[in-house]
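One letter stands for each residue in the lines below.
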Amino acid sequence: MSILNELTPVEVRRAGWEALREKLGPAGALKFILDYDRGEGNYTELRKKIFKGKSVKDIIQDMKSGGYA
């Protein structure tokens, strides 16, 4: 049996935070947590709507002009 099966959700979050803090340091762990987002809605449908009618070349150009590539 895994120890995770015995931990409460609070204990799992605490253990996760400690692991992040040990690996990344306090600032890096906080940066990870602030950047982490579970999101909401239907990812696939949203992407279909956002990229409708665009080619891969168009998307890459949008990324470059936005400073992402």
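Residues numbered from 1 in each chain as written. Predicted model: local features only at pLDDT ≥ 70, side-chain atom pairs only at ≥ 80, totals over all residues. Heavy atoms only, no water.

**Comments concerning the confidence of the model for the protein**
Thinking step 1. This prediction gives the protein a mean pLDDT of 88; 93% of its residues lie at or above 70.
Thinking step 2. Averaged over each element, pLDDT in the protein is lowest for helix α2 (residues 43–50) (90) and highest for helix α1 (residues 9–35) (93). (pLDDT = per-residue confidence, 0-100. Helix = DSSP H or I, 4+ residues; strand = E, 2+ residues; numbered from the N terminus.)

**Things to note about the layout of surface pockets**
Thinking step 1. In this structure, the largest pocket spans a volume of roughly 230 Å³.
Thinking step 2. Together, Arg-13, Gly-16, Trp-17, Leu-20, Phe-32, Ile-33, Tyr-36 and Arg-38 line the largest pocket.
Thinking step 3. For the lining of the largest pocket, the residue count by class is 5 nonpolar, 1 polar and 2 charged. (1 Å grid on protein atoms, 1.4 Å probe; cavity = no way out; pocket = protein on both sides within 12 Å on 5 of 7 lines; lining within 4 Å. Points joined across faces, edges and corners; volume = space filled by probe spheres on them. Nonpolar A, V, L, I, M, F, W, Y, C, P; charged D, E, K, R; others polar.)

**Some words on a nonpolar patch on the surface**
Thinking step 1. Residues Trp-17, Leu-24, Leu-30, Phe-32, Ile-33, Leu-34 and Tyr-36 make up a contiguous nonpolar surface patch of roughly 710 Å² in combined accessible area.
Thinking step 2. One can find Leu-24 in helix α1.
Thinking step 3. Relative accessible area serves as the criterion here: at 45%, Leu-24 is assigned to the partly exposed category. (Patch = residues over 30% accessible without salt bridge, like charges linked within 9 Å, V, L, I, M, F, W, Y side chains within 5 Å. Areas by Shrake-Rupley, 256 points an atom, 1.4 Å probe, with all protein chains shown as cover. Salt bridge = Lys/Arg side-chain N within 4 Å of Asp/Glu carboxyl O. Buried < 20%, exposed > 50% of the residue type's maximum accessible area, 1.4 Å probe, protein only.)

**With respect to the environment of Glu-6**
Thinking step 1. The residue Glu-6 is located in the segment before α1 in this model.
Thinking step 2. Taking relative accessible area as the criterion, Glu-6 reaches 53% and is therefore assigned exposed.
Thinking step 3. As for Glu-6 and Tyr-36, which are separated by 30 residues in sequence, their C-alpha atoms are 25 Å apart.

**Digging into the pattern of salt bridges**
When their charged atoms lie close together, side chains carrying opposite charge are able to pair.
Thinking step 1. Throughout the structure, instances matching the rule amount to 3 salt bridges.
Thinking step 2. Between Glu-45 and Lys-48 there is a salt bridge whose closest N-O contact spans 3.4 Å. Highlighted residues: Glu-45 and Lys-48, both in helix α2, separated by 3 residues, approximately one helical turn.
Thinking step 3. The shortest N-O distance in the salt bridge between Lys-54 and Asp-62 comes to 2.5 Å.
Thinking step 4. The exposure class of Lys-54 is partly exposed, given its relative accessible area of 38%.

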